[in-house]
Amino acid sequence: AQSVTQPDIHITVSEGASLELRCNYSYGATPYLFWYVQSPGQGLQLLLKYFSGDTLVQGIKGFEAEFKRSQSSFNLRKPSVHWSDAAEYFCAVGAHNQAGTALIFGKGTTLSVSS
Amino acid sequence: EPEVTQTPSHQVTQMGQEVILRCVPISNHLYFYWYRQILGQKVEFLVSFYNNEISEKSEIFDDQFSVERPDGSNFTLKIRSTKLEDSAMYFCASSFPGAKWGQYFGPGTRLLVL
């Protein structure tokens, strides 16, 4: 069955420290992979996406993610976290090259940033 | 930057009542979606819509749900007879043709069924 696992429910990082949020997926075909962020009271904002090519993708707000097919992972990273990065982060997978398809989401990881 | 908008932001209704949740997708997008998130659970896909018909739907999207694009800008989700378990945040999303472009989400409507 298709699924996305985000093993960490809650992570606390000091401001200025590096961040890595984990995402593992189970998908029968080549997936499209996404990271979304949700700030309190806001919708889901697309941070970055991977669909082919270079396995290291750059997104908005200084985030990047690396696709590792052998590990079925798509971890999100940021070298230096800012207090405004505190939010909930969702990893999602979609069918490759199929418009209108459902995205399957992980349960999310809540990021807290300490000063 | 264009955004998906949703109204209302919050809705409280009595069990058995009908509700209509409204969305205005990004203007040049052609695919439209509804997702929901029950408190503490995953975001779940309900339905996708293209060219005035349902493209894909999940098993959650049963006969009590319907979608419509009543005009050139709005996209609606109707829940015919609400149940307590329909209480959730409902997200509308839209996208270009081609899954690689990603789906763009609205801020959500929080529905509470009493």
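Structure: see above.
Bear in mind that the values here come from a model prediction, so they are computed numbers and not experimental data.

Participant: Describe the overall build of chain B, listing the residues and the values that go with them.
Facilitator: The helix and strand tally for chain B stands at 0 helices and 11 strands. Walking chain B from its N terminus toward its C terminus, one meets helices and strands in the order β-β-β-β-β-β-β-β-β-β-β. Over its C-alpha trace chain B gives a radius of gyration of 13 Å, about what one expects of a compact globule, namely 13 Å for 114 residues. Each of the three principal axes of chain B carries a C-alpha extent, and together these read 40 × 25 × 25 Å. In chain B, which comprises 114 residues, the proportion classed as buried is 47%. Within chain B, counting contacts between residues at least 6 apart in sequence, those at least 24 apart form 54% of the total. As displayed, chain B offers around 5,800 Å² of accessible surface, 49% of which is attributable to carbon and sulfur atoms. One way to put it: in chain B the 10 positive side-chain charges average out to a point 1 Å from where the 13 negative ones average out.

Participant: Give a description of the interface of chain B and chain A that names residues and reports values.
Facilitator: Contacts between chain B and chain A engage 22 residues on the former and 23 residues on the latter. Across the chain B to chain A interface the summed buried area is about 1,800 Å²; carbon plus sulfur atoms make up 60%. At the surface where chain B touches chain A, the tally comes to 0 salt bridges. Linking chain B with chain A are 2 residue pairs in polar contact (both at pLDDT 80 or more). Put simply, the parts of the chain that give the side of chain B that touches chain A at least two residues each are strand 4 (31-37), strand 5 (43-50), strand 6 (53-57) and strand 10 (104-105) of chain B. A per-element tally of the side of chain B that touches chain A places strand 4 of chain B first, with 4 residues. Considered class by class, the residues forming the side of chain B that touches chain A number 12 nonpolar, 7 polar and 3 charged.

Participant: Help me get a handle on the environment of serine 84 of chain A, residues and values and all.
Facilitator: In this structure, serine 84 of chain A sits in the loop between strand 9 (73-78) and strand 10 (87-95). Measuring from C-alpha to C-alpha, the distance between serine 84 of chain A and tyrosine 25 of chain A comes to 27 Å, with 59 residues separating the pair along the chain.

Participant: I'd like to hear about unusual backbone geometry, residue by residue, with values.
Facilitator: Leaving glycine out, the prevailing phi sign among residues is negative, and the prevailing peptide bond configuration is trans. Each neighbour pair has its own omega, and for threonine 7 of chain B with proline 8 of chain B the value is -10°, a cis peptide bond. Within the secondary structure, proline 8 of chain B sits in the loop between strand 1 (5-7) and strand 2 (10-13). Not every positive phi belongs to a glycine, and lysine 61 of chain A is a case in point at roughly 60°. The topology assignment puts lysine 61 of chain A in the loop between strand 7 (56-58) and strand 8 (64-68). The phi dihedral of asparagine 51 of chain B falls on the positive side, at around 55°, and the residue is not glycine.

Participant: Quick one: what's the story with the sheet that holds strand 7 (residues 65-68) of chain B, residue by residue and with numbers?
Facilitator: Residues and elements named next belong to chain B. Spatial ordering of the open sheet is given by 1-3-8-7, a layout of 4 strands whose pairing is antiparallel. Two strands bound the open sheet, and with one partner strand each, they are strand 1 and strand 7. For this sheet, the mean inter-axis angle between neighbouring strands, taken without regard to orientation, is 20°. Bridge analysis of strand 7 against strand 8 (residues 75-79) gives 4 bridges, and the strand direction is antiparallel. Paired with glutamate 68 across the strands is threonine 76, a residue of strand 8.

About the criteria used
- Residues numbered from 1 in each chain as written.
- Chains lettered and ligands numbered in written order.
- Predicted model: local features only at pLDDT ≥ 70, side-chain atom pairs only at ≥ 80, totals over all residues.
- Heavy atoms only, no water.
- Helix = DSSP H or I, 4+ residues; strand = E, 2+ residues; numbered from the N terminus.
- Rg over C-alpha atoms; globule rule 2.2 N^0.38 Å.
- Buried < 20%, exposed > 50% of the residue type's maximum accessible area, 1.4 Å probe, protein only.
- Contact = heavy atoms within 4.5 Å.
- Areas by Shrake-Rupley, 256 points an atom, 1.4 Å probe, with all protein chains shown as cover.
- Lys, Arg positive; Asp, Glu negative; His and termini not counted.
- Charge placed at Lys NZ, Arg CZ, Asp CG, Glu CD.
- Buried area = accessible area lost by both parts, 1.4 Å probe.
- Salt bridge = Lys/Arg side-chain N within 4 Å of Asp/Glu carboxyl O.
- Polar contact = N/O pair within 3.5 Å; in protein donor to acceptor, adjacent residues only side chain to side chain.
- Nonpolar A, V, L, I, M, F, W, Y, C, P; charged D, E, K, R; others polar.
- Pairing = 2+ DSSP bridges.
- Axes fitted to C-alpha atoms, helices over the stretch in contact; angles between N-to-C directions.

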